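Understanding the architecture of this molecule
Below are the chains, spelled out letter by letter.
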Amino acid sequence: MHVLVVGGAGYIGSHMVKLLVQRGFEVTVLDNLSTGHRDSVREARFVLGDLFERDTLEDLCRKTCFDGVMHFASYIQVGESVREPAKYYRNNVFKTQNLLDVMVARRVPCFIFSSTAAIFGEPVRIPIGEDHPKQPINPYGRGKWMVEQMLEDYDTAYGLKSICLRYFNAAGADPEGELGERHNPETHLIPLILQAANGRRSHITVFGNDYDTPDGTCIRDYIHVNDLCEAHLLALQRLWDGGGSSAYNLGNGNGFSVREVIETARTVTGRDIPVQYGERRPGDPARLVADSQRVRVELGWKPRYADLATIIAHAWQWETRS
Ligand code: UDP
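An account of the accompanying structure is given in this report. The model shown is predicted, which means the values in this text are computed figures rather than measured ones. (Residues numbered from 1 in each chain as written. Predicted model: local features only at pLDDT ≥ 70, side-chain atom pairs only at ≥ 80, totals over all residues. Heavy atoms only, no water.)

1. Details of the overall build of the protein chain
In terms of helices and strands, the protein chain carries ten helices and 14 strands. With respect to the principal axes defined by its C-alpha atoms, the protein chain has extents near 55 × 45 × 40 Å. Evaluated residue by residue, the protein chain yields a buried proportion of 56% over its 322 residues. Summarising the internal contacts of the protein chain: among those between residues at least 6 apart in sequence, 77% fall at separations of at least 24. (Helix = DSSP H or I, 4+ residues; strand = E, 2+ residues; numbered from the N terminus. Buried < 20%, exposed > 50% of the residue type's maximum accessible area, 1.4 Å probe, protein only. Contact = heavy atoms within 4.5 Å.)

2. Concerning the environment of Ala-196
Residue position: Ala-196 is located in helix α6 (residues 189-197). Classification of Ala-196 by relative accessible area gives buried; the value is 5%. Ala-196 sits 125 residues away from His-71 along the chain, and the two C-alpha atoms are 32 Å apart. Here Ala-196 is in contact with Arg-201, His-203, Ile-204 and Ile-273, once residues within four sequence places are set aside.

3. A closer look at the state of the cysteines
One pass over the structure, following the stated rule, counts zero disulfides. Cys-65 supplies the cysteine sulfur nearest to Cys-110, a cysteine that is in no disulfide, at a spacing of 12 Å. The exposure class assigned to Cys-110 is buried, which follows from its relative accessible area of 4%. Free cysteine: Cys-164, not disulfide-bonded; nearest cysteine sulfur from Cys-110 at 13 Å. A residue is classified by how much of its surface remains accessible, and Cys-164, at 3% relative accessible area, is buried. (Disulfide = S-S within 2.5 Å.)

4. Describing the site of the ligand
For the ligand, the set of nearby residues contains 15 residues, the closest of which are Leu-189, Thr-205, Phe-207, Arg-281 and Asp-284. The contact in question runs from an oxygen atom of the ligand to an N or O atom on the side chain of Arg-281, over 2.7 Å. For the shell around the ligand, the secondary-structure elements that each account for two or more residues are α6 and β8 (204-207). Taken together, the residues of the shell around the ligand sort by class into eight nonpolar, four polar and three charged. (Near = heavy atom within 4 Å. Polar contact = N/O pair within 3.5 Å; in protein donor to acceptor, adjacent residues only side chain to side chain. Nonpolar A, V, L, I, M, F, W, Y, C, P; charged D, E, K, R; others polar.)

5. Quick look at the sheet that holds strand β12 (residues 256-257)
Strand order in the open sheet formed by three strands is β12-β9-β14, and the pairing between neighbours is mixed. Lying at the two open borders of the sheet, with one neighbouring strand each, are β12 and β14 (287-288). Pairing of strand β9 (residues 219-220) with β12, which is carried by two bridges, proceeds in the antiparallel orientation. Bridge pairing links Arg-220 to Phe-256 in β12. (Pairing = 2+ DSSP bridges.)

6. Re the sheet that holds strand β3 (residues 45-48)
The strands making up a sheet associate through backbone hydrogen bonding, with each pair oriented either parallel or antiparallel. The strand order across the open sheet built from seven strands is β3-β2-β1-β4-β5-β6-β11, with neighbouring strands paired in parallel fashion. One side of each edge strand has no neighbouring strand; the edge strands of this open sheet are β3 and β11 (246-250). This sheet shows a mean twist of 20 degrees between the axes of neighbouring strands, independent of strand direction. In the packing of helix α5 (residues 139-158) onto the sheet, the strands contacted are β5 (110-116), β6 (161-167) and β11, and the crossing angle to β5 comes to about 155 degrees. Packed on one face of the sheet, helix α7 (residues 225-240) meets β1 (2-6), β4 (68-71), β5, β6 and β11 and runs near 160 degrees to β6. (Axes fitted to C-alpha atoms, helices over the stretch in contact; angles between N-to-C directions.)

7. Quick look at the packing of helix α2 (residues 54-63) against helix α4 (residues 85-106)
Contact pair α2 / α4: the axes reach a minimum separation of 10 Å and the direction vectors enclose 35 degrees. Handedness of the crossing formed by α2 with α4: right-handed. Facing Arg-54, Leu-57, Glu-58, Cys-61 and Arg-62 of α2, the residues of α4 in contact are Asn-98, Leu-99, Asp-101, Val-102 and Arg-106. Residues of the contact of α2 with α4, tallied by class, amount to four nonpolar, one polar and five charged. (Left-handed = near helix turned anticlockwise from the far one by under 90°.)

8. A few points about the nonpolar core
By size, the foremost hydrophobic cluster in this structure holds 38 residues, and its most contacted members are Ile-12 and Leu-20. Of all elements in the fold, only β1, α1 (11-22), β2 (26-31), β5, β6, α7, β11 and α9 (293-299) reach the threshold of two or more residues within this core. Of the residues forming this core, the biggest block, nine residues, is contributed by α7. Those residues in contact with Ile-12, other than ones at most four positions away along the chain, are Phe-72, Tyr-167, Ala-170, Val-225, Leu-228 and Cys-229. (Core = buried A, V, L, I, M, F, W, Y, C linked by side-chain atoms within 4.5 Å.)

What follows is the structure, given as structure tokens:
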């Protein structure tokens, strides 16, 4: 089976490529390297290209018969999406439609889409199940929800099968230490905490400690990047086995506050981590915790690295690589 991984040079995509190669799949990566890193793709065919270039896509799908596509190429910063919505709708929606149109034209049958908990907006119930109302509150979340709806219509009209995986907080790194998070600028909590632990930052700023949570800081559901990737593989296999289009929420189902994450990082690293308290970050809900029952029951997904200390330990191994 040959899988096209769009955005395979990025954080989650590169872990996915490694897993697919390890499991014996043929893999082609398409990435424009706008945020990804060429050296994160070690053992797969690499094609430099952008989803905007329809000719590149058509050429690629004409020359290679793909059995499935995984799509990780997306901008991910909520704040930036508010300031620059055009960039987000162009990249995350319009370019995705290009990809889908070529898939339909070339009869590539199965699509796994990287969606997000941001499609739910401000939660009205916790934990968040698949049926929770979709009321995204920023262009990032709205764009992802648009694609989810587009996918329903593409299945009905063109028979394109898809599974949307709505990530909660992806974190951690390759347990073998070869891959990890390399965003520039880094905005995610765990790598920022670890940079502070490693002396690369003077401190970590906690965005708000007046939330309605036990310690006043935001609660999130952190899921190991490898566990996310295993879910992608199960999802693709499900479609190959004849399963219908679907969507799953992907988290461990455990919430940790920002302060708990910092405390765990102190224990894991044995380092002092200076903390400052700052303003709330606009658009941050107090709690986001997944109800992950459906993916467990229907796809047989079982997280291997559900423990927060393990997630942080793998990220620390990456942060302190030589
Ligand atoms: N956060 C923080 N300081 C930072 C970065 C993040 O306090 O420098 C908080 C943020 O407000 C949120 C949590 O950490 O409550 C996780 O944020 P992140 O950006 O990692 O992921 P998101 O939840 O936005 O997907």
